[in-house]
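Structure assessment
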Amino acid sequence: MAARKSAKKSNTSKEELLEYYREMLLIRRFEEKSGQLYGMGLIGGFCHLYIGQEAVVVGLEAAAKEGDKRLTSYRDHGHMLACGMDPKGVMAELTGREGGYSRGKGGSMHMFSKEKHFYGGHGIVGAQVPIGTGLAFADKYNENGGVTFTYFGDGAANQGQVYESFNMASLWQLPVIYVIENNQYAMGTSLQRASSTPDIYTRGEAFGIPGEAVDGMDVLAVKDAGERATEHCRSGKGPYILEMKTYRYRGHSMSDPAKYRTREEVQKVREERDAIEHVRELLLQGKHASEDELKAIDKEIKAVVNDAAEFSKTSPEPALEELWTDIYA
């Protein structure tokens with residue numbers, strides 16, 4: 001990814017920029033706190049942080065409409081927060097408490113919200129892709145104008161079920177946006193070593209699915225691409241692929257030391273490409289906010305996250321009776 005030059009002036013309104021800044025900062029601070037709680041032993045199992053990739057989900061949510069659906073893999077906390085799920089409920093699920101979205105039974109990778117049209121959180125690599133395709137089939141069948149955002153990573157892009165889904169979506173012209181969050185390293189292998197095609201979005205060409213590569217570290221570029229993709233889907237033209245060129249700052253999961261890349265590489269991306277800093281520069285250069293005002297927003301966000309963390313500690317453990325709820329067979 002080429003280095004971003006100094007922020008240019010944007011036609012985006014002050015209110016929009018501040019909203020993007022708040023939402024990305026909420027995800028960043030939430031994930032930092034999650035990492036702390038994991039280190040303290042309060043979060044068990046797997047925990048995959050979204051730090052660095054915030055612009056992808058915030059930009060696409062800005063292009064979504066009420067009723068649109070979304071689902072993703074196990075790196076899912078940011079998606080939940082961006083679609084409006086309560087940080088307290090998300091954090092309490094991470095700590096396995098009754099106040100969590102799955103009442104403490106799902107953990108980091110398995111949360112859902114019917115109210116916010118969030119369909120997971122899936123622990124099996126690529127498994128969400130056919131599910132997202134099915135949700136889009138339901139939208140087309142019901143003629144409700146909805147679009148489904150189906151997120152998966154560069155590693156999952158090599159799964160066979162992805163291409164079965166591509167074929168079905170193209171054949172039936174389903175309103176689904178396949179969002180490839182290409183953070184360059186999958187579980188720990190660089191894209192250059194794992195993919196014969198440097199641009200993953202081009203794999204849709206075999207199925208007649210258009211797509212594009214997007215700067216996933218620029219929330220405004222993501223929003224613009226999201227609007228093009230949703231217009232394509234809502235007009236009945238079928239699926240669309242967005243490959244978000246992004247970067248994760250932490251390891252694949254909390255147990256990953258990330259020795260497959262250098263600290264200098266990560267620091268370079270932080271200094272030159274960080275999505276939150278980009279919007280911060282736009283706000284300051286456009287005189288939409290002062291340093292003190294942005295510090296106040298950060299303080300406010302930290303308070304929200306601290307409240308969520310406290311709730312996740314004090315919410316009770318699930319009752320024994322919860323073992324027999326949400327069982328369908």
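For the structure given in this document, a descriptive report is provided here. (Residues numbered from 1 in each chain as written. Predicted model: local features only at pLDDT ≥ 70, side-chain atom pairs only at ≥ 80, totals over all residues. Heavy atoms only, no water.)

Take the overall build of the protein next. When its secondary structure is counted, the protein shows 11 helices and 5 strands. Against the 2.2 N^0.38 benchmark of 20 Å for 329 residues, the protein shows a C-alpha radius of gyration of 19 Å, consistent with a compact globule. Going through the 329 residues of the protein one by one, you find that 53% of them count as buried. Approximately 15,200 Å² of the protein is accessible, and the part contributed by carbon and sulfur atoms is 52%. (Helix = DSSP H or I, 4+ residues; strand = E, 2+ residues; numbered from the N terminus. Rg over C-alpha atoms; globule rule 2.2 N^0.38 Å. Buried < 20%, exposed > 50% of the residue type's maximum accessible area, 1.4 Å probe, protein only. Areas by Shrake-Rupley, 256 points an atom, 1.4 Å probe, with all protein chains shown as cover.)

Read from one edge of the open sheet, 5 strands run 1-2-3-5-4, paired in parallel fashion. Whereas interior strands pair on both sides, the edge strands pair on one side only; in this sheet they are strand 1 (69-71) and strand 4 (211-215). Taken over all neighbouring pairs, the strand axes of this sheet differ in orientation by 20 degrees on average, direction set aside. Where helix 6 (residues 160-171) meets the sheet, its contacts fall on strand 2 (148-153), strand 3 (176-182) and strand 5 (240-245), and the angle it forms with strand 3 comes to roughly 150 degrees. (Pairing = 2+ DSSP bridges. Axes fitted to C-alpha atoms, helices over the stretch in contact; angles between N-to-C directions. Contact = heavy atoms within 4.5 Å.)

Helical geometry note: an α-helix holds 3.6 residues per turn, so side chains three or four residues apart project in the same direction. Here helix 5 (residues 128-142) is 15 residues long and its end C-alpha atoms lie 21 Å apart, about the 21 Å a rise of 1.5 Å per residue gives. For helix 5, every residue scored as buried is listed here: Gln128, Val129, Gly132, Thr133, Leu135, Ala136 and Asp139. Taken around the axis of helix 5, the buried residues stretch over an arc of 160 degrees, which confines them to a single face. Looking at the buried positions of helix 5, the neighbouring elements they touch are strand 1, strand 2, helix 6 and strand 3. Two residues or fewer past helix 5, glutamate 143 is found with a positive phi of approximately 50 degrees. (Expected span 1.5 Å × (residues − 1). Arc of directions from axis to C-beta.)

All right, on to a nonpolar patch on the surface then. There is a patch of nonpolar side chains on the surface, built from Phe137, Tyr141, Met168, Leu171 and Trp172 and spanning about 590 Å² of accessible area. Where the nonpolar patch is concerned, the elements lending two or more residues are helix 5 and helix 6. (Patch = residues over 30% accessible without salt bridge, like charges linked within 9 Å, V, L, I, M, F, W, Y side chains within 5 Å. Salt bridge = Lys/Arg side-chain N within 4 Å of Asp/Glu carboxyl O.)

Right, let's get into the packing of helix 1 (residues 14-39) against helix 11 (residues 291-314). To characterise two packed helices, one gives the angle between the axes of the helices and the distance between these axes. Close contact between helix 1 and helix 11 brings their axes to 9 Å; oriented N to C, the two are set at 40 degrees. By the angle between their axes, helix 1 is oblique relative to helix 11. Of the two elements, helix 1 crosses helix 11, and the hand of that crossing is right-handed. Where helix 1 abuts helix 11, its residues Leu18, Tyr21, Arg22, Leu25, Leu26, Arg29, Phe30, Lys33 and Leu37 lie against Leu294, Ile297, Asp298, Glu300, Ile301, Lys302, Val304, Val305, Asn306, Ala309, Ser312 and Lys313. (Parallel < 35°, antiparallel > 145°, perpendicular 65-115°, else oblique. Left-handed = near helix turned anticlockwise from the far one by under 90°.)

Counting residues in each nonpolar core, the largest one holds 54 residues, and the members touching the most others are Leu60 and Leu242. If you tally residues by element for this core, the top one is helix 1, at 10 residues. Each residue touching leucine 60, except ones within four places of it in the same chain, is listed here: Phe149, Tyr151, Val179, Val222, Gly226, Leu242 and Met244. Of all hydrophobic cores here, the second largest spans 16 residues; its members include Ala157, Tyr178, Ile200 and Ile209. (Core = buried A, V, L, I, M, F, W, Y, C linked by side-chain atoms within 4.5 Å.)

With 7 of 7 residues buried, strand 3 lies mostly within the body of the structure. Residue alternation in strand 3 divides its side chains into two sets, Val176, Tyr178, Ile180 and Asn182 and Ile177, Val179 and Glu181, and both sets are buried. Where strand 2 and strand 3 come together, 6 bridges link them in parallel fashion. Bridge assignment links tyrosine 151 to a residue of strand 3, and that residue is valine 179. Between the parallel pair strand 2 and strand 3, the chain is carried across by helix 6, and the sense of this crossover is right-handed. Bridge count for strand 3 against strand 5 is 6 bridges, and the pairing is parallel. Pairing of isoleucine 180 across the sheet is with glutamate 243, part of strand 5. (Right-handed = clockwise from strand over helix to strand, strands pointing away.)

So, about the pattern of salt bridges. In total, this model carries 22 salt bridges according to the counting rule given. The salt bridge involving arginine 70 is made with glutamate 61; its shortest N-O contact spans 2.8 Å. For the residue pair arginine 70 and glutamate 61, the accessibility class agrees, reading buried in each case. Shared partners join several salt bridges into a network, and the residues in it are Arg29, Glu32, Asp298 and Lys302.

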